[in-house]
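Structure assessment
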Amino acid sequence: MTRWAVMRASGEAEAFRYTVHRELDGTRAEALAALLHAVDTFAEATTEAGRRRQRREVFRVSEHRYFVRVTNRFTSEEAHFSLAELLADTHDDGLPDTVGVRQA
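Below is a short write-up of the structure. Because the structure is a prediction, the values reported are computed rather than measured.

Another point: the overall build of the chain. When helices and strands are counted, the chain shows 2 helices and 5 strands. If you list the helices and strands of the chain from N to C, you get β-β-α-α-β-β-β. For the chain, the C-alpha radius of gyration of 17 Å lies well beyond 13 Å, the compact-globule estimate for 104 residues. On the principal axes, the C-alpha backbone points of the chain span a range of 60 × 30 × 20 Å.

Moving on, we get to the sheet that holds strand β3 (residues 55-62). Ordered in space as β2-β1-β5-β4-β3, the 5 strands form an open sheet in which the pairing is antiparallel. Across the chains shown, the open sheet's two edge strands, defined by having one partner strand only, are β2 (17-26) and β3. Taken pair by pair, the neighbouring strands of this sheet meet at an average axis angle of 20°, ignoring direction. With 7 bridges connecting them, β3 and strand β4 (residues 65-71) associate as antiparallel partners. By the bridge assignment for β4, Val58 is matched with Val68.

Moving on to helix α1 (residues 28-41). The end-to-end C-alpha separation of α1 is 20 Å, in line with the 20 Å expected for 14 residues at 1.5 Å each. Along α1, the residues classified as buried are Ala31, Leu32, Ala34, Leu35, Ala38 and Val39. Looking straight down α1, one finds that the buried residues subtend no more than 155° of arc, so they occupy a single side. The outward face of α1, more than 90 degrees from its buried face, is lined by the exposed residues Ala29 and His37. Where α1 is buried, its residues touch β1 (2-10), β2, β3, β4 and β5 (76-85). Of the residues flanking the end of α1, it is Ala43, one or two places downstream, whose phi is positive at about 55°.

Before going further, it helps to spend a moment on the environment of Met1. With respect to the secondary-structure elements, Met1 resides in the segment before β1. Owing to a relative accessible area of 82%, Met1 belongs among the exposed residues under this scheme. Between the alpha carbons of Met1 and Gly26 there is a distance of 5.7 Å; along the sequence they are 25 residues apart.

Scanning the model with the defined rule gives 7 salt bridges in all. When the shortest N-O distance is used, the salt bridge between Arg28 and Glu85 registers 3.7 Å. With a gap of 57 residues between them, Arg28 in helix α1 and Glu85 in strand β5 connect regions that are remote in the sequence. Overall, Arg28 belongs to the partly exposed group, its relative accessible area being 43%. In this structure, Glu48 engages Arg52 in a salt bridge whose closest nitrogen and oxygen atoms are separated by 3.4 Å. On the criterion of helical spacing, the pair formed by Glu48 and Arg52 is a turn pair, its members being 4 residues apart in helix α2 (residues 48-53). Neither Glu48 nor Arg52 differs from the other in exposure class; each is exposed.

How each quantity is defined
- Residues numbered from 1 in each chain as written.
- Predicted model: local features only at pLDDT ≥ 70, side-chain atom pairs only at ≥ 80, totals over all residues.
- Heavy atoms only, no water.
- Helix = DSSP H or I, 4+ residues; strand = E, 2+ residues; numbered from the N terminus.
- Rg over C-alpha atoms; globule rule 2.2 N^0.38 Å.
- Pairing = 2+ DSSP bridges.
- Axes fitted to C-alpha atoms, helices over the stretch in contact; angles between N-to-C directions.
- Expected span 1.5 Å × (residues − 1).
- Buried < 20%, exposed > 50% of the residue type's maximum accessible area, 1.4 Å probe, protein only.
- Arc of directions from axis to C-beta.
- Contact = heavy atoms within 4.5 Å.
- Salt bridge = Lys/Arg side-chain N within 4 Å of Asp/Glu carboxyl O.

Structure below.
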């Protein structure tokens, strides 16, 4: 089974910070569903009145990358979400140690 990470980047210019929002084992479709759930619930208002006042804009950058902007009365939050597939792991016998070719 493939290992996936839903990544979140937030910040401004050089101060962007990347974090793993969620890790999961599953199919590409399951991982994409987890990505879309993260996008749909980012900075969601907790009350119905708050959700009515909130503006959410979602931009698709690619099939596995989204930019989200959530604007409330006094604040605005933005984040990039992307889906990453685990390709190499030095502690997993089923995966190679590296994705590149080693030079001798």
